[in-house]
Amino acid sequence: MFFNQNLKIDEIAKKYSFKYKAVKSILNKSKGKRSFFLEDYTINPYMGCSFDCSYCYINGSKYASNTKEFFVKENALEKLKTQLKNKAIKRERAIIMVGSATDPYMPIESELFLTRDILKLINRYRYCSHILTKSNLILRDLDILKKIKNGSIIPEDLKRKKDPKNGKTKENKESKESKENENLKMIVSFSFSTTEDKIASIFEENAPRPSERLKAIKKLKKEGFHVGASLMPLLPYITDTEEAIHKTFKDLKKAGAIYALPAGLSLFGSEDSGSRGSYFTKLREHFPESLEETSKLFKNKNYANQNYYNNQLKKLEEIAKGYEVKTSIV
Ligand code: SF4
């Protein structure tokens, strides 16, 4: 089911090399609300991601056996309608993260409007949302994003805060924190590994350029949204140097980003396959000078050593302070 019955869905899927797949559930309970995403539930309208970034964590990991296959969740709207209706009857309120696993604004979305229709349902049942994307196509749905921002009901845990005297949770409708939390009804995070178009064109060939994402941040900030960046991942020895991080924060600050969430690179698969294979191929071609260091950093593991991540975080937090950009959403 799609809201627009006149869509030629088979032709659209063929054009973008997608297939349709029915799913058992579309709204998935988060295993634990992560402080950096604040999500209670996640929704991914599509499976696989046609942006195909060379460092993409789904490539070669347990999340995807074949990242060259893309699917539209054909029954997403029926499933979501039922699931949201049931939760709304129980008065359960939540932040629903759209695009936690794959981008909700891939090129096919420009013709299929599935993410848009999902947002309409989120708005109908007055849920809050957090969208994560690399695409400025999100601006097409500004009308719905505004409705969610103005009409959704904030979950209790974001409405309340602990009384420092007795540790109990109490409502703080008049507090500054409570008012700030009202902005969390509609959060938009743009994902960046760099703000440099030239570098992005190597590692994220098929995604909209960072300059387009920065323009979208500017527009959404002007419209009063809680908008920021997810620096997931910064690329070792390329976009994680002190100089590169300064440039990234300078660009984000100029665009109006409120926060930038840090995260390091992870690599899955072998030297010839998965994200490890595709990332190392790009390094060999474009950044041979950082190949050996990167190889040493990861050895044969999926993650770099913990010292690297700790040092990166420390460096990034210090730089972020200087630009008055938060490193968390709240
Ligand atoms: S946009 Fe995100 S999900 Fe899509 S390929 Fe790139 S890193 Fe993976």
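Structural data are supplied above this passage.
A brief structural summary. No experiment lies behind these values; they were computed from the predicted model shown.

What counts and how
Residues numbered from 1 in each chain as written. Predicted model: local features only at pLDDT ≥ 70, side-chain atom pairs only at ≥ 80, totals over all residues. Heavy atoms only, no water. Near = heavy atom within 4 Å. Nonpolar A, V, L, I, M, F, W, Y, C, P; charged D, E, K, R; others polar. Axes fitted to C-alpha atoms, helices over the stretch in contact; angles between N-to-C directions. Helix = DSSP H or I, 4+ residues; strand = E, 2+ residues; numbered from the N terminus. Parallel < 35°, antiparallel > 145°, perpendicular 65-115°, else oblique. Contact = heavy atoms within 4.5 Å. Buried < 20%, exposed > 50% of the residue type's maximum accessible area, 1.4 Å probe, protein only. Polar contact = N/O pair within 3.5 Å; in protein donor to acceptor, adjacent residues only side chain to side chain. Phe/Tyr/Trp six-rings, centres within 6.5 Å; stacked < 30°, edge-to-face > 60°. Lys NZ or Arg CZ within 6 Å of the ring centre and 35° of its normal. Pairing = 2+ DSSP bridges. Expected span 1.5 Å × (residues − 1). Arc of directions from axis to C-beta. Core = buried A, V, L, I, M, F, W, Y, C linked by side-chain atoms within 4.5 Å. Patch = residues over 30% accessible without salt bridge, like charges linked within 9 Å, V, L, I, M, F, W, Y side chains within 5 Å. Areas by Shrake-Rupley, 256 points an atom, 1.4 Å probe, with all protein chains shown as cover. Salt bridge = Lys/Arg side-chain N within 4 Å of Asp/Glu carboxyl O. Lys, Arg positive; Asp, Glu negative; His and termini not counted. Charge placed at Lys NZ, Arg CZ, Asp CG, Glu CD.

In the region of the ligand, the neighbouring residues are Cys49, Phe51, Asp52, Cys53, Cys56, Ala101, Thr102 and Lys134. Classifying every residue of the shell around the ligand gives 5 nonpolar, 1 polar and 2 charged.

Before going further, it helps to spend a moment on the packing of helix H11 (residues 274-286) against helix H12 (residues 291-298). Packed helices, taken two at a time, are described by the angle between their axes plus the distance between the axes. One way to put it is that H11 packs onto H12 with a least axis distance of 10 Å and a crossing angle of 155°. Between H11 and H12, the interaxial angle falls into the category roughly antiparallel. Touching Arg276, Tyr279, Phe280, Leu283 and Arg284 of H11 are Leu291, Thr294, Ser295 and Phe298, all from H12. For the contact of H11 with H12, the per-class residue count stands at 5 nonpolar, 2 polar and 2 charged.

The next subject is the side chain of Asp141. Of note, Asp141 is situated in the loop between strand S7 (128-133) and helix H5 (142-151). With relative accessibility at 0%, the residue Asp141 sits in the buried group. Looking at Asp141, its side chain comes within polar contact range of the side chain of Arg140, at 2.9 Å. Dropping the residues within four chain positions of it, Asp141 is found in contact with Tyr105, Arg116 and Leu119.

Moving on, we get to the packing of aromatic side chains. Any two aromatic rings considered together are summarised by their centre-to-centre distance and by the angle between their planes. Taken as a whole, this structure holds 10 aromatic pairs when the rule is applied. A centroid spacing of 6.0 Å and a plane angle of 85° characterise the contact between Phe268 and Tyr303, whose relative ring orientation is edge-to-face. Of the two residues, Phe268 is situated in the loop between strand S12 (260-262) and H11 and Tyr303 in the loop between H12 and helix H13 (306-323); the sequence distance between them amounts to 35 residues. For Tyr303, a relative accessible area of 46% gives the class partly exposed. Taken together, the aromatic side chains of Phe203, Tyr279, Phe280 and Phe287 make up a single cluster linked through ring pairs. The residue whose ring lies beneath Lys149 is Phe225, and the NZ or CZ to ring-centre distance is 5.3 Å.

Read across the open sheet, the 7 strands follow the order S2-S3-S6-S7-S10-S11-S12; overall the sheet is mixed. The outermost strands of the open sheet, each flanked by one partner alone, are strand S2 (28-29) and S12. Relative to strand S10 (residues 186-191), helix H9 (residues 210-222) is tilted by about 165°, and along the sheet it contacts S10 and strand S11 (226-231).

For helix H2 (residues 76-89), with 14 residues, the first-to-last C-alpha span of 20 Å sits near the 20 Å given by 1.5 Å per residue. Every buried residue belonging to H2 is among Ala76, Leu77, Leu80, Leu84 and Lys87, and all of these are buried. Projection of H2 onto a plane perpendicular to its axis shows the buried side chains occupying an angular sector of 100°, all on one side. Packed against the buried residues of H2 are strand S3 (41-43), strand S5 (70-73), strand S6 (95-98) and helix H4 (114-124). Positive backbone phi, approximately 60°, marks Arg91, located one or two places after H2.

With 84 residues, the main nonpolar core has Ile122, Phe203 and Tyr279 as its most contacted residues. If we ignore the near neighbours within four places in the chain, the residues touching Tyr279 are Ser54, Tyr55, Phe203, Leu235, Pro236, Ile238, Leu265, Leu267 and Thr294. With 13 residues, the next largest nonpolar core counts Phe37, Cys128, Ile154 and Leu261 among its residues.

A surface patch of positive charge is lined by Lys218, Lys222, Lys250 and Lys254. For the positive patch, the secondary-structure elements that each account for two or more residues are H9 and helix H10 (242-255). Within the secondary structure, Lys222 is located in helix H9. Exposure remark for Lys222: the relative accessible area of 77% places this residue in the exposed category.

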